[in-house]
Amino acid sequence: MSEVKMIAPAVPNVPWQERPEKMNGAPVWRYKENPVIGRNPAKEVARIFNSAVMPYEGEFIGVFRGEQTNGIPYIYLGKSKDAIHWEFDEEKISFEDEEGNPFMPVYAYDPRLVKVEDTYYIIWCQDFYGASIGMARTTDFKKFVRLENPFLPFNRNAVLFPRKIHGKFMMLSRPSDSGHTPFGDIFVSESLDMVYWGRHRHVMGKSSEWWESLKIGGGAAPIETTEGWLLFYHGVSQTCNGYVYSIGGAILDIDNPSIVKYRCENFLLTPEEWYEERGFVANVTFPCATLHDPESGRIAIYYGAADTYVGLAFTTADEIISYIKEHSVTRENDTEIGKR
Ligand code: BMA
């Protein structure tokens, strides 16, 4: 039984391995059999990475970034009994518009999957005359209806909160440019209807710590806890050999998530294993989802590794929240309301 309570549906079958005896740094440990998804995982799909999963009807379902053999990314549906062994649909998800006409994006990558009330939302990055955010809803994972694009280009890494706050949908995003964006802060926007988004607020920016000194971006959907919204995000540093993507952690105010209550100065996970350091793009750990069980306090983090694989890492609500609080460093532009 954990001390910090996560406020979320029970997931007693969350994948799990016990913490190794010897550990340095943050209390986040990798699944020993990583990566959970290897190369050429489905027909005409060369790599699956940066993908999001969730519990569904006692088992698990997910939306996966499938890099096709022709190099164009789309979203594929996958199902699993244990959240480790996945079976993927052969065809990419077929989106339609509100009238039921086919409405496919030009490309789609880095999907997040979030349930708000009775609807599942998929949020991804796509072309809207430049990289921007695409969204769709489903209630049965058979029919996927695209919604209006929430933001103007350029924007990436949109992450919806799993419940409304003061009656409004809330979404993190990371305004960017048309390339590999050498800057970027996390903002939050709100909407009454998932069509019109506004009241944008700054949440947090890069820090002086090496691992997030270039830019940051939202990761997994925030987890509601008795301490605030637990956010796993990515932080990027620039080296003479390219970008390095690590996983960071912060806790946002429960009523007003533009306020950062705690922010861990240390990375929680950084590329160290072969499948994180070696692949299509070296040195990337990119969180897109968690599975978590409030009863046991267990959290399983799903992350893309080296733009090639999917990795799984574990922590508990108690351990990670204590660690973030113990190593918290916040600056004025974290703790302020974020309005100028
Ligand atoms: C970012 C995104 C991610 C990718 C990362 C590293 O800009 O495109 O999908 O994992 O770069 O290549």
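The sections below set out a description of the structure shown in this document. (Residues numbered from 1 in each chain as written. Predicted model: local features only at pLDDT ≥ 70, side-chain atom pairs only at ≥ 80, totals over all residues. Heavy atoms only, no water.)

**Topic: the overall build of the chain**
Applicable threshold: The helix and strand labels rest on DSSP assignments: H or I over at least four residues marks a helix, E over at least two residues marks a strand, and numbering proceeds from the N terminus. Throughout this description, buried means an accessible area under 20% of the type-specific maximum (1.4 Å probe, protein chains only), exposed means over 50%, and partly exposed covers the range between. When checking whether two residues touch, look at their non-hydrogen atoms; a contact exists if any pair is within 4.5 Å.
Helix and strand content of the chain: three helices and 22 strands. Dimensions of the chain along its principal axes, counting C-alpha atoms only, are 50 × 45 × 45 Å. Counting the 340 residues in the chain, one finds 59% classified as buried. In the chain, once contacts between residues fewer than 6 apart in sequence are set aside, the share between residues at least 24 apart is 55%.

**A word on the packing of aromatic side chains**
The test is simple: Two aromatic rings, drawn from Phe, Tyr or Trp (for Trp, its six-membered ring), form a pair once their centres lie within 6.5 Å of each other, and the interplanar angle then sorts them: stacked below 30 degrees, edge-to-face above 60, tilted otherwise. In this scheme, the term charge over a ring applies when either NZ of a lysine or CZ of an arginine sits within 6 Å of the ring centre and within 35 degrees of the ring normal.
Overall, the coordinates contain 22 aromatic pairs when judged by the stated rule. Residues Y56 and Y120 carry aromatic rings whose centres are separated by 5.7 Å and whose planes lie at 80° to one another, so their mutual orientation is edge-to-face. Of this pair, Y56 sits in strand β2 (residues 45-56) while Y120 is found in strand β8 (residues 119-127), placing the two residues 64 residues apart along the sequence. Judged by relative accessible area, which is 16%, Y56 ranks as buried. The exposure class assigned to Y120 is buried, which follows from its relative accessible area of 7%. When the centroid spacing of 5.8 Å and the interplanar angle of 15° are considered together, the rings of Y107 and Y109 count as stacked. Overall, the relative accessible area of 15% leaves Y109 in the buried class. Above the plane of the ring of F280 lies R47, whose end atom (NZ or CZ) is 3.6 Å from the centre. Across the ring face of F103, the terminal group of R146 is positioned such that the distance to the ring centre comes to 3.8 Å.

**Here we look at the sheet that holds strand β1 (residues 29-30)**
Put simply, the rule reads: When DSSP locates at least two bridges between a pair of strands, those strands are taken to pair.
Ordered by their spatial adjacency, four strands build an open sheet running β1-β22-β21-β20, and the pairing between neighbours is antiparallel. What marks the edges here is a single partner per strand, and that holds for β1 and β20 (285-293). As judged from the two bridges shared by β1 and strand β22 (residues 309-316), these two strands associate in the antiparallel manner. Opposite R30, over in β22, you have A313 as the bridge partner.

**Topic: the side chain of H234**
Here H234 shows up in strand β17 (residues 228-239). With residues near it in sequence (within four places) discarded, H234 still touches N157, R174, K215, I216, G217, G218, Y245, S246, T285, F286 and P287.

**As for the sheet that holds strand β14 (residues 198-204)**
Short version of the rule: Note on geometry: axes are C-alpha line fits, over the in-contact stretch for helices, and angles between N-to-C directions span 0 to 180 degrees.
Spatially, β11-β12-β13-β14 is the arrangement adopted by the four strands of the open sheet, whose pairing is antiparallel. On the outer flanks of this sheet lie β11 (155-160) and β14, each paired with one strand and no other. Neighbour-to-neighbour, the strand axes of this sheet turn through a mean angle of 30°, independent of strand direction. Pairing between strand β12 (residues 169-175) and strand β13 (residues 186-191): five bridges, direction antiparallel.

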